[in-house]
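Per-entry structural report
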Amino acid sequence: MPYFQINKCLPATVDIRLQYRYSAAGTELSRTTYFNKTEVLRLLQMHYMLTKDNTVPMNKLNFIQFMDVFLGVRNVDAVDKIYLLCSETNREYMTGPEFVKVLSMILKGTLADLINFCFEVYTEMIRSPKYIKKEDVLLMARRNSMKMCKLVNMDEYDQRFVEFVMAEVDKDRDNRISLEDYRKAVHENVAWLQFLGQILPECSKKQRFMRLFTDRPYVNNIESTAAAMTRKNRESIAKMTLLKSTISQAENVDSSTSFSSNSTFLVINHDMSHVTKKNQLISDGSYSTLF
């Protein structure tokens, strides 16, 4: 079988040796991640190079530096928890396969994957396995405020942010945010995905990094899923409007027809202003990253 060099930064002899060493792991990971085998092999070789030929393990500090330099994620608290959640084999360092798995999630994970992933990171940050309470949101807001320039009445701003978050994300009104509450909020507006601080790289950073190990074009799964959900919501509104109009015509009540039309218009207007308000508040400062 002819030799195909997959890493031009390494001598051919080393590249051949690593391809052979990682072949079985590459096959397995290509089945369980969003990367193909060649991409997996290149990432395993990248891990090999970052750990200086496996002589220096990828510990927490090295992983934090990697996320900062290569992917622009500087939220140290979040990266620390990502490291702990993904270093399952040994908490002292991250193995090559674990490195590939975490990159598969943050670079190519679907919105459904990322909802579970981000919620787990947030709950790990506040040391609460199932829920995010109101006081946790305030604590995280204050942490983010400390990273911003000092503004007048910052405490008041944080309090207003917390009240806004609980009103929008706590869907069942039990004064705590569950995974289901969080999922519903993200499906309504994808900006809520990172409402307690950055976890995922920006799209431009993802694209730039992926050019290092793949020729496949970058696909923004979050944006495409959000667009699909928006279309679905619009179709639902259109169907509901049509249904109301049909019922009104069947009943032949002019006042009812007029009310149906006006109420639909008010709902649409309210939603648009509401979304604008949400995006302004969520985007203000470093509370989230919009996609």
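Refer to the structure presented above.
Our subject in this report is the structure included herewith. Here, residues in each chain are numbered from 1, in the same order as that chain's written sequence. Two thresholds apply to this predicted model, a pLDDT of at least 70 for residue-level local features and 80 or more for giving and counting side-chain atom pairs, whereas whole-chain, interface and lining totals are computed over all residues. No hydrogens and no water enter the side-chain calculation; it runs on all heavy atoms of the structure.

Examining helix α1 (residues 12–21)
By the burial criterion, the buried members of α1 are Val14, Asp15, Leu18 and Gln19. Buried residues of α1, viewed axially, fall in a sector of 135°; they line one side. Summarising the geometry of α1, the exposed residues directed more than 90 degrees from the buried face are Thr13 and Tyr20. Against the buried residues of α1 lie α2 (23–32) and α3 (37–50). Each residue's exposure class comes from its accessible area (1.4 Å probe, protein chains only) as a fraction of the maximum for that residue type: buried when under 20%, exposed when over 50%, partly exposed otherwise. Strands here mean DSSP runs of E at least two residues long; helices mean DSSP runs of H or I at least four residues long; both are numbered from the N terminus. Throughout, the arc means the angular range of directions from the helix axis out to the C-beta atoms. Throughout, a contact is declared for two residues whenever any of their heavy atoms are within 4.5 Å.

Digging into the pattern of salt bridges
Only one rule defines a salt bridge in this text: a Lys or Arg side-chain nitrogen within 4 Å of an Asp or Glu carboxyl oxygen. Taken as a whole and judged by the stated rule, the model has eight salt bridges. The partner of Asp80 in a salt bridge is Lys60, and the shortest N-O contact between them spans 2.9 Å. Of the two residues, Asp80 sits in helix α5 (residues 76–86) while Lys60 sits in helix α4 (residues 60–71), which places them 20 residues apart along the sequence. Assessed through its relative accessible area of 33%, Lys60 is described here as partly exposed.

Let's talk about the packing of aromatic side chains
Any two rings among Phe, Tyr and Trp, with Trp reduced to its six-membered ring, count as a pair given centres within 6.5 Å; such a pair is stacked if its planes are under 30 degrees apart, edge-to-face if over 60, and tilted if neither. Under the counting rule described, the total for this entry stands at 13 aromatic pairs. Considering the side-chain rings of Phe66 and Phe99, the 5.1 Å spacing of their centres and the 65° angle between planes classify their relative orientation as edge-to-face. Residue Phe66 is found in helix α4, and its partner Phe99 is found in helix α6 (residues 96–108); the two are separated by 33 residues along the sequence. By relative accessible area, which is 0% here, Phe99 ends up buried. Aromatic pair Phe164 and Trp192: ring centres 5.8 Å apart, planes at 35°, arrangement tilted. Taken together, the positions of Phe164 in helix α9 (residues 154–169) and Trp192 in the loop between α10 (179–188) and α11 (203–210) put the pair 28 residues apart, joining distant regions of the chain. One exposure class covers both Phe164 and Trp192, and it is buried.

Re the packing of α2 against α3
To obtain an axis, a line is fitted to C-alpha atoms, over the contacting stretch when the element is a helix, and the angle between two such axes runs from 0 to 180 degrees between their N-to-C directions. Running from N to C, α2 and α3 point in directions that differ by 125°, and their axes come no closer than 8 Å. Taken as axis vectors, α2 and α3 run oblique relative to one another. Where α2 crosses over α3, the two elements pack in a sense that is right-handed. Of the residues in α3, those in contact with Ser23, Ala25, Gly26, Thr27, Leu29 and Ser30 of α2 are Lys37, Val40, Leu41 and Leu44. Residues are grouped as follows: Ala, Val, Leu, Ile, Met, Phe, Trp, Tyr, Cys and Pro are nonpolar; Asp, Glu, Lys and Arg are charged; every other residue, Gly included, is polar. Partitioning the contact of α2 with α3 into residue classes produces five nonpolar, four polar and one charged. Working definition: roughly parallel below 35 degrees, roughly antiparallel above 145 degrees, roughly perpendicular at 65 to 115 degrees, and oblique for all remaining angles. Crossings are sorted by hand: turned counterclockwise from the far helix by less than a right angle, the near helix makes the crossing left-handed, and turned clockwise it makes it right-handed.

A word on the nonpolar core
When a protein is soluble and globular, its nonpolar side chains tend to lie buried together. Counting 72 residues, the largest nonpolar core has Phe63, Leu103, Phe117, Tyr182 and Leu193 as the members making the most contacts within it. If you tally residues by element for this core, the top one is helix α7 (residues 111–125), at nine residues. Discounting chain neighbours no more than four positions away, the residues touching Phe63 are Met58, Val79, Ile82, Tyr83, Met94 and Val102. For the purposes of this section, nonpolar cores are sets of buried Ala, Val, Leu, Ile, Met, Phe, Trp, Tyr and Cys residues that join through side-chain atoms within 4.5 Å.

Some thoughts on α10
The complete set of buried residues in α10 reads Asp181, Tyr182, Ala185 and Val186. Buried residues in α10, looked at end-on, bunch into an arc of 130°, giving them a common side.

So, the layout of surface pockets
Of the two site types, the cavity is a set of points on a 1 Å grid over the protein atoms alone where a 1.4 Å probe fits but cannot get out, and the pocket is an open set with protein on both sides within 12 Å along at least five of seven lines, each lined by residues with an atom within 4 Å of a point. Grid points are joined across faces, edges and corners, and a volume is the space filled by probe spheres set on the points. Taken as a whole, the second largest pocket spans an internal volume of roughly 290 Å³. Ile6, Asn7, Arg42, Leu212 and Phe213 are, among the 14 residues lining the second largest pocket, the residues nearest its centre. Among the residues making up the lining of the second largest pocket, the classes are represented as seven nonpolar, three polar and four charged.

Considerations on a nonpolar patch on the surface
Two joining distances apply to patches: 9 Å for like charges and 5 Å for nonpolar side chains (Val, Leu, Ile, Met, Phe, Trp, Tyr), and every residue must have over 30% relative accessible area and no salt bridge. Using the Shrake-Rupley algorithm and a 1.4 Å probe, accessible areas are obtained, with residue cover drawn only from the displayed protein chains. Side chains of Leu50, Val69, Phe70 and Leu212 sit close together on the surface and give an oily, nonpolar patch of about 360 Å² of accessible area. Tracing the chain through its elements places Leu50 in helix α3. The partly exposed category is assigned to Leu50, whose relative accessible area is 33%.

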